[in-house]
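So the chains spell out like this:
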Amino acid sequence: MCDVAEHLSLYADGALYDALYQGRGKDYAHEASVVAKHIRARRPAAVSLLDVGCGTGAHLEHLVAEFPDAAGVDIARGMLDVVRARLPRVPVHLADMRNLRLGRSFDAVVSLFCAPGYLSGTDELDTAVGAMARHLVPGGVLVLEPWWFPDNFTPGHVGRVLTTAGDMTVARVTHTVREGFTSRMTAHYLVARPHTGVRHFSDTHVMSLYSREQYASALTRAGCSVEYIEGEYPGNGLFVGVRQPGELPGTGHRKER
């Protein structure tokens with residue numbers, strides 16, 4: 001898994017991250033409402049939720065209204081600094097999704113904005129999904145937002161954003177290519193502020209092009225049912241699983257009843 005905390009400059013600056021995606025018009029409220037609907041459909045009385053790869057808490061801000069016992073996890077300190085300012089009553093943890101050990105369970109665990117795409121290979125996908133599933137109560141709901149699949153990825157894609165937030169103006173241009181079963185996006189940023197001038201930096205985002213079957217298999221191996229939801233959520237849809245009774249995969253222990 002790419003260590004975004006060290007190697008991706010975007011994730012070190014939560015204010016810049018928020019400005020960029022607000023400028024793109026990302027509708028966190030709508031996305032959170034779709035996720036909440038699918039959780040409620042499978043676990044109507046759910047009150048607790050863990051957001052894995054929570055970023056700056058823009059989804060969590062809306063989800064906590066539905067699930068008041070909410071918490072967040074991210075691997076980047078710059079993201080968590082913003083969450084703590086935005087949601088001071090919501091506990092957040094610096095942690096890697098591959099080895100989550102929070103010592104408690106939740107009615108729902110979600111991993112949105114394609115965060116699982118930063119995992120490398122099916123072993124890491126299985127490990128991370130298994131770790132998330134082990135934080136679910138029996139009958140709890142796991143929701144994953146996938147990155148693109150091998151069959152719908154567009155190689156050579158060029159993206160661009162120009163936005164202003166407060167006194168900061170941000171421009172980003174990206175170019176994404178396919179390398180085997182990964183995508184490699186090179187991003188260049190110009191960030192301008194009146195008192196500091198213009199700063200340029202670039203970073204590279206390498207993400208796995210897992211297939212639908214690989215996501216589904218990871219959920220199954222983690223002891224969850226699998227549904228793939230299309231058409232309601234922007235981007236590439238959602239995988240929704242429910243933790244089934246029986247033995248926790250990889251632990252040798254029975255699931256609690």
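Further up the page is the structure itself.
Read on for a plain summary of the structure.

**As for the pattern of salt bridges**
- Tallying each qualifying case throughout the model produces 15 salt bridges.
- Taking the shortest distance from any N to any O, the salt bridge between Arg-86 and Asp-18 comes out at 3.2 Å. Here Arg-86 is found in helix H5 (residues 77–86), whereas its partner Asp-18 is found in helix H2 (residues 14–23), with 68 residues between them in sequence.
- Note on Asp-18: relative accessible area 9%, which makes it buried.
- Among the ionic pairs, Glu-227 bridges to Arg-42, the shortest N-O distance being 3.0 Å. One end of the pair, Glu-227, is in strand E10 (residues 227–229); the other, Arg-42, is in helix H3 (residues 28–42), and 185 residues separate them in sequence.
- Judged by its relative accessible area of 37%, Glu-227 falls in the partly exposed class.
- By relative accessible area, which is 22% here, Arg-42 ends up partly exposed.
- Linked through salt bridges whose partners overlap, the residues forming this network are Asp-18, Glu-61 and Arg-86.

**Some thoughts on the sheet that holds strand E6 (residues 157–165)**
- Taken together, the four strands give an open sheet; going across it, the order is E6-E7-E8-E9, and neighbouring strands pair in antiparallel fashion. Edge positions in the open sheet fall to E6 and strand E9 (197–208), since each of these has one partner strand only. Between one strand axis and the next, the sheet turns through 15 degrees on average, direction left out of account.
- Sheet topology places strand E8 (residues 182–193) next to E9; twelve bridges connect them, and they run antiparallel. Bridge pairing in E9 places Val-191 opposite Arg-199.
- Strands E6, strand E7 (168–179), E8 and E9 of the sheet are contacted by H2, whose axis makes an angle of about 80 degrees with E7.

**As for H3**
- End to end, H3 covers 22 Å across 15 residues, agreeing with the expected 21 Å (1.5 Å per residue, within 8%).
- Along H3, the positions that sit buried rather than exposed are Tyr-28, Glu-31, Ala-32, Val-34, Val-35, Ala-36, His-38 and Ile-39.

**Concerning the environment of Gly-117**
- Among the secondary structure elements, Gly-117 is positioned in the loop between strand E4 (106–111) and helix H6 (121–133).
- Once the C-alpha coordinates of Gly-117 and Ala-46 are considered, the two residues, 71 residues apart in sequence, prove to be 27 Å apart.

**Re the packing of H6 against helix H7 (residues 212–221)**
- Orientation of H6 relative to H7, taken along the N-to-C sense of each, is 45 degrees, at an axis distance of 9 Å. Classified by the angle their axes make, H6 and H7 are oblique. For H6 against H7, the interelement crossing comes out right-handed. The residues of H7 that touch H6, namely those facing Thr-122, Leu-125, Asp-126 and Val-129, are Gln-214, Tyr-215, Ala-218, Leu-219 and Arg-221.
- When grouped by side-chain class, the residues that make up the contact of H6 with H7 number five nonpolar, two polar and two charged.

**A closer look at the sheet that holds strand E11 (residues 238–242)**
- Read across the sheet, seven strands follow the order E3-E2-E1-E4-E5-E11-E10 without closing on themselves; strand pairing throughout is mixed. Every interior strand has two partners, whereas the edge strands, strand E3 (92–94) and E10, have only one. Strand-to-strand twist in this sheet, taken as the mean axis angle between neighbours without regard to direction, amounts to 20 degrees.
- Across the sheet, H5 lies against strand E2 (69–74) and E3, angled at about 165 degrees from E3, the strand it touches most.
- With respect to the sheet, H6 is in contact with strand E1 (48–52), E4 and strand E5 (136–144), its orientation differing from that of E5 by roughly 135 degrees.

Calculation rules
Sequence positions are assigned chain by chain, starting from 1 and proceeding in written order. In keeping with the predicted nature of the model, local features appear solely for residues at pLDDT of at least 70, side-chain atom pairs appear and are counted solely at 80 or more, and the whole-chain, interface and lining totals rest on all residues. As a convention, hydrogens and water are excluded, and side-chain values are obtained from all of the structure's heavy atoms. Salt-bridge detection follows one rule: a side-chain nitrogen of Lys or Arg within 4 Å of a carboxyl oxygen of Asp or Glu. Going along the chain from the N terminus, every DSSP run of H or I of four or more residues is numbered as a helix, and every run of E of two or more is numbered as a strand. Relative accessibility decides the category of a residue: with a 1.4 Å probe and only protein chains considered, values under 20% of the type maximum give buried, values over 50% give exposed, and everything between is partly exposed. Pairing between two strands requires that DSSP report at least two bridges joining them. Only the stretch in contact is used when fitting a helix axis, every axis being a line fitted to C-alpha atoms; angles between N-to-C directions are given from 0 to 180 degrees. Contact between two residues is taken to exist if any of their heavy atoms lie within 4.5 Å; hydrogens are not considered. Helices are assigned an expected span. That span is 1.5 Å times one less than the residue count. Any angle between 65 and 115 degrees counts as roughly perpendicular, while under 35 counts as roughly parallel, over 145 as roughly antiparallel, and the rest as oblique. Helix crossings get a hand from a simple test, with the near helix turned counterclockwise from the far one by less than a right angle marking a left-handed crossing and a clockwise turn marking a right-handed one. Put simply, Ala, Val, Leu, Ile, Met, Phe, Trp, Tyr, Cys and Pro go in the nonpolar bin, Asp, Glu, Lys and Arg in the charged bin, and everything else, Gly too, in the polar bin.

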